[in-house]
Amino acid sequence: MQLTQTEAWYLGESIKGETLMSQKLTSYRQMAQDPELRALIENLERACERHLSLLSSHVK
């Protein structure tokens, strides 16, 4: 299915947002000293990776 220009733009912006969130979470995880907080951040990182994978699968 062909994406409209608006859909393609939105998809690109969503990928940029998830990429930035992933980078920030990586930084936060490296600074975190509490093991529970670090585990929570790692879970959020994995969710971002799944979102990126899903979004990227729509780019051709």
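*Asks:* I'm lost on a nonpolar patch on the surface in this one. Help?
*Replies:* On the surface, Leu37, Leu40 and Leu44 cluster together into a nonpolar patch covering about 260 Å² of accessible area. Tracing the backbone through its elements, the reader meets Leu40 in helix H2 (residues 35–56). We classify Leu40 as partly exposed; its relative accessible area is 48%.

*Asks:* I tried to follow the pattern of salt bridges on my own but got confused; where do I start?
*Replies:* Scanning all chains against the criterion turns up two salt bridges. Across the pair Lys16 and Glu13 runs a salt bridge, and its minimum N-O distance is 3.3 Å. Placement of the pair is Lys16 and Glu13 together in helix H1 (residues 5–31), with a separation of three residues, close to one helical turn. Among the salt bridges present, the one from Arg29 reaches Glu45, with a minimum N-O distance of 2.5 Å. Of this pair, Arg29 sits in helix H1 while Glu45 sits in helix H2, placing them 16 residues apart in sequence. The class of Arg29 is partly exposed, set by a relative accessible area of 21%.

*Asks:* When you look at H2 in this model, what are you seeing that I'm missing?
*Replies:* Side chains of residues three or four places apart in an α-helix project in the same direction, reflecting 3.6 residues per turn. Between its first and last C-alpha atoms H2 spans 31 Å; for 22 residues at 1.5 Å apiece the expected length is 32 Å, and the two agree. Where H2 is concerned, the buried positions are Ile41, Glu45, Ala47, Cys48, Leu52 and Leu55. End-on view of H2: buried residues confined to an arc of 160 degrees, all on one side of the axis. In H2, the exposed residues that point more than 90 degrees away from the buried face are Pro35, Glu36, Arg50 and Leu54. Looking at the buried positions of H2, the neighbouring elements they touch are H1.

Parameters at a glance
- Residues numbered from 1 in each chain as written.
- Predicted model: local features only at pLDDT ≥ 70, side-chain atom pairs only at ≥ 80, totals over all residues.
- Heavy atoms only, no water.
- Patch = residues over 30% accessible without salt bridge, like charges linked within 9 Å, V, L, I, M, F, W, Y side chains within 5 Å.
- Areas by Shrake-Rupley, 256 points an atom, 1.4 Å probe, with all protein chains shown as cover.
- Salt bridge = Lys/Arg side-chain N within 4 Å of Asp/Glu carboxyl O.
- Helix = DSSP H or I, 4+ residues; strand = E, 2+ residues; numbered from the N terminus.
- Buried < 20%, exposed > 50% of the residue type's maximum accessible area, 1.4 Å probe, protein only.
- Expected span 1.5 Å × (residues − 1).
- Arc of directions from axis to C-beta.
- Contact = heavy atoms within 4.5 Å.

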